[in-house]
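The primary structure of each chain is shown beneath.
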Amino acid sequence: MSTTNELAGKVALVTGASRNIGRAIALALAAAGAAVAVNARTAKEDAEKVAQEIRGAGGKAEAFMADIVDAKAVNTMVDGVVKRFGRLDALVLNASVRKETPFADMSFDEWKSLTAVTLDGSFHCVKACLPHLIKAGGGAIVTIGGMTALSGAKKRVHGSVGKFGLYGMTRALAKELGEHGIRVNCVAPGQMNTTRASDRSARPDVSNVPLGRRVEPEEIADAVRFLCGPGSKMISGQLIYVDGGQQQF
């Protein structure tokens, strides 16, 4: 199966695509031939830079600003994507919020601010995109999970719950949307080598990673590209770890 220009003629929407993993996913899908809608909530300049980078390489892309927690904003964004590119074939749910707080100190507002992006935002995006994916004759939805969804983590109860719920949503949607030719999968990154991670004063230990290093954003993007392409046409409802062998499941 060729992986050159395999998404030519397709259109993908990537949420949270202004930097790190989302940026890498947008670039990878564009390199595969897809037109890419680069979503961000507030980082307009960064989102525009990603779109410009894709266009500079000969691809098609446009930045779309929307807070995915806002259903109206999501509907407006998706309508704009379809108006601009004519169709929609893939949705990548990458947007998330990461924050560490001991549960005893966690307010309900903080709890909701994280779970709203991961769960409510995903609900709004799938609802808005679904009619267009069906009209296109099928396609792919890829959610970006996390290792702590199943392992848990101190100070990240809200994040773990959100990602676990996202995995459940992935499995259920795969069963429900298969009749429309829509495949739904989840990619779970391991310890990432991203700007956000490198800003921490204490870098995570990688001694428990069999391959001995952190994951690059481009390696997550490679998995997403595969799951959006024709080589994965019988893969659905799966949780795929890209973590160098770290997972314990």
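Criteria and cut-off values
Residues numbered from 1 in each chain as written. Predicted model: local features only at pLDDT ≥ 70, side-chain atom pairs only at ≥ 80, totals over all residues. Heavy atoms only, no water. Helix = DSSP H or I, 4+ residues; strand = E, 2+ residues; numbered from the N terminus. Buried < 20%, exposed > 50% of the residue type's maximum accessible area, 1.4 Å probe, protein only. Salt bridge = Lys/Arg side-chain N within 4 Å of Asp/Glu carboxyl O. Axes fitted to C-alpha atoms, helices over the stretch in contact; angles between N-to-C directions. Parallel < 35°, antiparallel > 145°, perpendicular 65-115°, else oblique. Left-handed = near helix turned anticlockwise from the far one by under 90°. Contact = heavy atoms within 4.5 Å. Nonpolar A, V, L, I, M, F, W, Y, C, P; charged D, E, K, R; others polar.

1. A short note on unusual backbone geometry
Okay, so step 1: The residue Asn-5 is not glycine, and still its phi comes out positive at about 60°.
Okay, so step 2: Tracing the backbone through its elements, the reader meets Asn-5 in the segment before strand 1 (11-14).
Okay, so step 3: Residue classification places Asn-5 among the partly exposed positions, given a relative accessible area of 45%.
Okay, so step 4: Unusually for a residue other than glycine, Lys-155 sits at a positive phi of about 65°.
Okay, so step 5: Mapped onto the fold, Lys-155 is located in the loop between helix 5 (148-151) and helix 6 (157-177).

2. Brief notes about the pattern of salt bridges
In a structure, side chains of opposite charge can pair up when their charged atoms sit close to one another.
Okay, so step 1: This structure, assessed with the given rule, holds nine salt bridges.
Okay, so step 2: In this structure, Asp-89 and Arg-87 form a salt bridge, with 2.7 Å as the shortest nitrogen-oxygen distance.

3. Structural notes on the packing of helix 1 (residues 20-31) against helix 2 (residues 44-56)
Okay, so step 1: Direction vectors running N to C along helix 1 and helix 2 enclose 20°, while the axes themselves pass 10 Å from each other. By the angle class used here, helix 1 and helix 2 are roughly parallel. Here helix 1 runs over helix 2; the crossing is right-handed. For the pair formed by helix 1 and helix 2, the contact residues are Arg-23, Ala-26, Leu-27 and Ala-30 on the first element and Val-50, Glu-53 and Ile-54 on the second.
Okay, so step 2: Looking at side-chain class alone, the contact of helix 1 with helix 2 contains five nonpolar, no polar and two charged residues.

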